[in-house]
Amino acid sequence: MAVAAMLLAAPATQAQKISGEAQNAALAKSDAEIQDVKKNGKSATWVKRAQTIYEAIAAPTKGLYTPGMLESLLKPAMGDAKAQGEAEIRTGAAVVYNYDWVDVYLQGGQVVTWFQTKEVRPELYADFVAAVNKAQELDPKAAGKLKDVMDSAINFYKQEGNTCYDAAQYGKAAEGYMRAYELMENPAYAGQKDPALLYNAGYLLVVDGNTNPASFAVAEEVLRKALADGYTDEQGGAYYYLFHSCYGQAQQQQAEAKAALLQEAKAALTEGIEKYPTNENIISSFLGLYMEEPTVGDASELIGMITAAVERDPQSVEMWSSLALANYQMKDFPAAIVAGQKAAELAPDSFDSNYRQGIFYAAHGDWLLEELNKRNYTRQSDYDADLAESNDAYRGAVPWLEKAFEIDPSNRSVVETLKVICFRLRDEAGMMDKYNKYNELLKQM
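Note that the structure is predicted; figures quoted are calculated from it, not measured.

Asker: Account for the overall build of the protein, naming residues and giving values.
Answerer: The helix and strand inventory of the protein stands at 20 helices and four strands. By principal-axis analysis of the C-alpha atoms, the protein measures approximately 100 × 50 × 40 Å. Residues counted as buried form 47% of the 445 residues belonging to the protein. Taking as baseline every contact in the protein between residues at least 6 positions apart, the subset at least 24 positions apart corresponds to 60%.

Asker: Residues and numbers for helix H2 (residues 21–35), please.
Answerer: Helix length check: H2, at 15 residues, gives a terminal C-alpha distance of 21 Å against a target of 21 Å (1.5 Å per residue), a fit within 8%. Residues of H2 that are buried include every one of Gln 23, Leu 27, Ser 30, Glu 33 and Ile 34, and no others. Take H2 and look down its axis: the buried residues cluster within an arc of 115°, on one side only. Along H2, the residues that are exposed and aim more than 90 degrees away from the buried face are Glu 21, Lys 29 and Gln 35.

Asker: Lay out the nonpolar core in plain terms, naming residues and giving numbers.
Answerer: Ranked by internal contacts, the top residues of the largest apolar core, which has 120 residues, are Phe 128, Leu 146, Met 150, Leu 183, Leu 302, Ile 306 and Ile 421. Setting aside chain neighbours within four positions, we find Leu 183 in contact with Tyr 125, Phe 128, Val 129, Met 150, Ala 153, Ile 154, Tyr 157 and Tyr 189.

Asker: Before we move on, can you summarise the packing of helix H9 (residues 196–209) against helix H10 (residues 215–228) with the specific residues and values?
Answerer: It is at 8 Å that the axes of H9 and H10 come closest, and there the two elements cross at 160°. When the axis of H9 is compared with that of H10, the two are roughly antiparallel. For the element pair H9 and H10, the recorded crossing hand is left-handed. The residues of H10 that touch H9, namely those facing Leu 198, Tyr 199, Ala 201, Gly 202, Tyr 203, Leu 205, Val 206, Asp 208 and Gly 209, are Ser 215, Phe 216, Val 218, Ala 219, Val 222, Leu 223, Lys 225 and Ala 226. Here the contact of H9 with H10 is composed, by residue class, of twelve nonpolar, three polar and two charged.

Asker: Got a sec to walk through the sheet that holds strand E4 (residues 110–116)? Specific residues and values, please.
Answerer: Ordered in space as E1-E2-E3-E4, the four strands form an open sheet in which the pairing is antiparallel. The sheet terminates laterally at strand E1 (83–89) and E4, the two strands that pair on one side only. Between one strand and the next, the sheet's axes are offset by a mean angle of 30°, whatever the strand orientation. Inspection of the sheet shows E1 paired to strand E2 (residues 92–98) by seven bridges, in the antiparallel sense. Looking across to E2, one finds that Gln 84 is bridged to Tyr 97.

Asker: Which residues make up the pattern of salt bridges, and what values do they have?
Answerer: In the structure shown here, the tally under the stated rule is 27 salt bridges. Across the pair Arg 90 and Asp 166 runs a salt bridge, and its minimum N-O distance is 2.7 Å. Residue Arg 90 is found in the loop between E1 and E2, and its partner Asp 166 is found in helix H7 (residues 143–166); the two are separated by 76 residues along the sequence. Assessed through its relative accessible area of 32%, Arg 90 is described here as partly exposed. We classify Asp 166 as buried; its relative accessible area is 17%. Linked through salt bridges whose partners overlap, the residues forming this network are Asp 31, Arg 49, Arg 121 and Asp 127.

Asker: Just give me the short version of the side chain of Asp 386, but keep the residues and values in it.
Answerer: Along the chain, the position of Asp 386 falls in helix H18 (residues 380–407). The exposure class assigned to Asp 386 is buried, which follows from its relative accessible area of 18%. Beyond its immediate sequence surroundings of up to four residues, Asp 386 is in contact with Leu 372, Arg 375 and Tyr 377.

Asker: Which residues make up the packing of aromatic side chains, and what values go with them?
Answerer: Using the criterion set out here, one finds 16 aromatic pairs in the structure. Judged by centre distance (5.3 Å) and plane angle (85°), the ring pair of Tyr 125 and Tyr 157 falls under edge-to-face. Residue Tyr 125 is found in helix H6 (residues 124–138), and its partner Tyr 157 is found in helix H7; the two are separated by 32 residues along the sequence. With respect to burial, Tyr 125 and Tyr 157 carry one shared label: buried. Counting every residue linked through ring pairs, the aromatic cluster contains Tyr 199, Tyr 203, Tyr 231, Tyr 240 and Tyr 241. Against the face of Trp 101 rests Lys 118, its NZ or CZ located 4.5 Å from the ring centre. We note Arg 426 situated over the ring of Phe 423; from NZ or CZ to the ring centre the distance is 4.1 Å.

Asker: Can you tell me about helix H11 (residues 237–250), naming the residues and giving the values?
Answerer: Given a rise of 1.5 Å per residue, 14 residues ought to cover 20 Å, and the 20 Å separating the end C-alpha atoms of H11 matches this to within 8%. Of all 14 residues in H11, 13 are buried; the element is thus mostly enclosed.

Asker: Account for the pairing of strand E3 (residues 102–107), naming residues and giving values.
Answerer: Counting buried residues in E3 gives five out of six residues, a clear majority hidden from the surface. One ladder, built from four bridges, connects E2 with E3; its direction is antiparallel. Within E3, the residue paired with Val 96 across the bridge is Tyr 105. Between E2 and E3, which pair antiparallel and follow one another directly, the connecting turn spans three residues. In terms of strand pairing, E3 meets E4 through six bridges, oriented antiparallel. What sits directly across from Val 102, in E4, is Gln 116. Where E3 folds back onto E4 in an antiparallel hairpin, the turn is made up of two residues, including Gly 108, whose phi is positive at roughly 60°.

Thresholds, definitions, all that
- Residues numbered from 1 in each chain as written.
- Predicted model: local features only at pLDDT ≥ 70, side-chain atom pairs only at ≥ 80, totals over all residues.
- Heavy atoms only, no water.
- Helix = DSSP H or I, 4+ residues; strand = E, 2+ residues; numbered from the N terminus.
- Buried < 20%, exposed > 50% of the residue type's maximum accessible area, 1.4 Å probe, protein only.
- Contact = heavy atoms within 4.5 Å.
- Expected span 1.5 Å × (residues − 1).
- Arc of directions from axis to C-beta.
- Core = buried A, V, L, I, M, F, W, Y, C linked by side-chain atoms within 4.5 Å.
- Axes fitted to C-alpha atoms, helices over the stretch in contact; angles between N-to-C directions.
- Parallel < 35°, antiparallel > 145°, perpendicular 65-115°, else oblique.
- Left-handed = near helix turned anticlockwise from the far one by under 90°.
- Nonpolar A, V, L, I, M, F, W, Y, C, P; charged D, E, K, R; others polar.
- Pairing = 2+ DSSP bridges.
- Salt bridge = Lys/Arg side-chain N within 4 Å of Asp/Glu carboxyl O.
- Phe/Tyr/Trp six-rings, centres within 6.5 Å; stacked < 30°, edge-to-face > 60°.
- Lys NZ or Arg CZ within 6 Å of the ring centre and 35° of its normal.

Written out as C-alpha cells, the structure reads:
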C-alpha cells in the first residue's frame, strides 16, 4: 500500500499562507453570481465557480509539499503554528505542528505528511461537483474548459488520500481516494478511470473498520465496484479484503443476517482462490473462517475444492502449489511435501516451487522437534530415533533451498534459512562448511 499510495502522488503546490478571508470573499461573490438570473444560465459562470471552489478546497494545504520540505520552510510557508507536540503516525513517532487549518507532521527535520483539520467552508466538495455538473448541463462541450480544474481537483484528492494514509487517518484517506475516483466518473472528465483508487479506499476502510465497524459495509461496496470496474492485481488482494469487509460486518450481526454475511465472506474467498490459487492470505483466511465459523464448512471442503481443481488440470503448477500451501497451513506437512514435489517437478526452475518445498520440509522438521520435546522418554533409543526423523526432514530441506538460492542468490530469506538449518545439522558431513558459507553470505547482504 505504501508503494501504491506513492504512485498516486500529486505534484507539489507552491507555498502560500492562508487566512480564509480571500477565499470566503471569492466564494461569496460566486454565490451572488449564480443568484443572478442572466449569469446563472451561462456555463461560463459555473466553470468559473468550479475554479473558485477548487481554490478554496486547496488553499489550506497549498503551502505544503513532500518529500523534502524542510522544517525551516514551514514558517515562511504557513506562518506561526498554534501549538507544537508529538504524535504517532504510520511511519512512527513524529513532531506535529498545529495550524488553524492543518496539522503538519515532521520526521528528521522534514515534512513527511499532513492532515487537514478544517475547510474554508463546509461542503466544498459537494459544491464543486454541483458546479461542474451544472456547467456540463448548460454546455455539453464544457469538458474542455473544465479539464484543468478537474485534473487539479482529482490530484488534490489523490494527494489527500496519500497524506491522510501516512498520517494514519485511514477513513479520511479512503474518502480522498473515493472522491478522486468519483470525479473521474464525471462526464466532464475526459481521462481514464483508475480503479486502483477504489482498491486503496476499500483496503483502508477495512483497516478503519477495526475501530469504526461501520466502515466494513462501505469497504464491501467500494471493493465490489473496484472489481466491477476492472481492477486486478497480481496477488488478488481485492478478494482478500472483500472477505474481511464481509466478515467484519458479520461480527456485528446475529442469526440469519450473520449467516448471510458469512456466506458472502466465503464466496469472496472462493472466487479469489479460483483466480489466485497461490494467494497464501486467501488460503489462511479460508482455514481461519472454517475454524472460527464451523457452520460455513470445514477445512476438508477447501482441500476438496483444490483437489478437484488439480484433477481437472493435473499439469497446473498453480493448483499443485495451492494444494501444497493449503496442507501447509493445516500443518499436514507430509501432504504439503507430496503436493509441493509435484509443483516442483512441473516447474523445476521456479524459485517459488523450490523455496516453498524447502520450507515445507523445514516446517515438518520443526513440528517433529516440537513433538519430541513434549514427550517423556524412558529409552535413549526412542529419543534418538525421533531426533533422527526430525533431522531427516531438515536435511530434506537443504537441496531445495540451495536450488532456490541458485535461482535467486540475492534472496535474504533463503540464505538465512539455510544458515539456520545447516547449523542445526553441523555435526553431519559437510554441513559446517555450508553453515560457514551461508553465514558469511548473510553478513554481506
